Amino acid sequence: GERIVPVREMILADDEAGRRKALAKLLPIQRGDFEGLFRAMGGLPVIIRLLDPPLHAFVPHDEANQRVMANDLGVSLGKIKMRVEDLHEFNPMMGHRGCRLGISYPEITEMQARAIIEAALNVRHEGIVVKAEIMIPLVGSVREFNAQAEVIRRTAAEVFAERGEQIDYMLGTMIETPRAALVADSIGKQAEFFSFGTNDLTQMTLGFSRDDAGKFLPQYIKKGIYERDPF
């Protein structure tokens, strides 16, 4: 509840200033989330994946709930409907999500990077060892990685200057598209760690939807077309 309202305000914003105003409300919430993660992990490494879902996942698609959203945010139903339509994608899992969001709206990445670094510094002051690892999602080229890494490193430097202290952190990505796997050598020169998204890699390589393939995969396995479920 407290998270969804500023996210929706950001989505409805007409310009960068409006998005930043909404993100400023989300910052302390995210910082608190990350502080809880660092405390719970008690010195173990914590990989935090930056915002990944497409923005349409945060808005209602039925009119009844759109009316509720309009009332909550004090805007017209027409504006809600128009924004929902703008966000519509035919293939959202391969759409405007992951690092593509951060490249389009770097202020989102700035907010999350600031929340992570501030949380790490705060928890370290409690005597807890903090090992923060920031994951840039859905990278398909080293240029995408570098574009987001620049925002994160710049934001971290700003926080360090403000606080007069620093903390070590790592920047990495998840190899989850076939292209990322093919150019992993170039991405690996910049990223400090890799994770592997084997479900998405399988899905995009074979052209099988992991949510729907169960309708035919049992027959494929039974007939020996595949020896086992590739997922």
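See the structure above.
Residues numbered from 1 in each chain as written. Predicted model: local features only at pLDDT ≥ 70, side-chain atom pairs only at ≥ 80, totals over all residues. Heavy atoms only, no water.

(A) Inspection of the packing of aromatic side chains at higher detail. With the rule as written, the count across this model stands at seven aromatic pairs. With a centroid separation of 6.5 Å and 45 degrees between ring planes, the pair formed by Phe160 and Tyr169 is classed as tilted. Both residues of the pair, Phe160 and Tyr169, belong to the buried class. Among the aromatic side chains, those forming a connected cluster through ring pairs are Phe208, Phe216, Tyr220 and Tyr226. (Phe/Tyr/Trp six-rings, centres within 6.5 Å; stacked < 30°, edge-to-face > 60°. Buried < 20%, exposed > 50% of the residue type's maximum accessible area, 1.4 Å probe, protein only.)

(B) How the structure looks around helix 4 (residues 77-87). Turning to helix 4, its buried residues number three or more, namely Leu77, Ile80, Val84 and Leu87. Take helix 4 and look down its axis: the buried residues cluster within an arc of 95 degrees, on one side only. Projecting away from the buried face of helix 4 at angles above 90 degrees are the exposed residues Met82, Glu85 and Asp86. Looking at the buried positions of helix 4, the neighbouring elements they touch are helix 1 (4-12) and helix 3 (63-73). (Helix = DSSP H or I, 4+ residues; strand = E, 2+ residues; numbered from the N terminus. Arc of directions from axis to C-beta. Contact = heavy atoms within 4.5 Å.)

(C) Layout of the packing of helix 3 against helix 4. Where helix 3 meets helix 4, the closest approach of the two axes is 9 Å, and the angle between their N-to-C directions is 120 degrees. On the basis of their axis angle, the class for helix 3 and helix 4 is oblique. In terms of crossing hand, the pair formed by helix 3 and helix 4 is right-handed. Listed contacts from helix 4 to Glu63, Gln66, Arg67, Met69 and Ala70 of helix 3 are Leu77, Ile80, Lys81 and Val84. Classifying every residue of the contact of helix 3 with helix 4 by side-chain character gives five nonpolar, one polar and three charged. (Axes fitted to C-alpha atoms, helices over the stretch in contact; angles between N-to-C directions. Parallel < 35°, antiparallel > 145°, perpendicular 65-115°, else oblique. Left-handed = near helix turned anticlockwise from the far one by under 90°. Nonpolar A, V, L, I, M, F, W, Y, C, P; charged D, E, K, R; others polar.)

(D) How the structure looks around the nonpolar core. By size, the foremost hydrophobic cluster in this structure holds 55 residues, and its most contacted members are Met10, Ile11, Phe38, Leu55, Ile116, Ile152 and Tyr169. Counting residues per element, this core draws most heavily on helix 6 (residues 106-124), at 10 residues. Beyond its immediate stretch of four places on either side in the chain, Ile116 contacts Phe34, Phe38, Ile48, Leu50, Ala132 and Ile134. (Core = buried A, V, L, I, M, F, W, Y, C linked by side-chain atoms within 4.5 Å.)

(E) Seen up close, the pattern of salt bridges. Enumeration according to the criterion identifies 23 salt bridges in this entry. Glu9 serves as the salt-bridge partner of Lys25, at 3.1 Å between the closest nitrogen and oxygen. You can see Lys25 sitting in helix 2 (residues 16-41) and its partner Glu9 sitting in helix 1, a full 16 residues away along the chain. What makes Glu9 partly exposed here is its relative accessible area of 24%. (Salt bridge = Lys/Arg side-chain N within 4 Å of Asp/Glu carboxyl O.)

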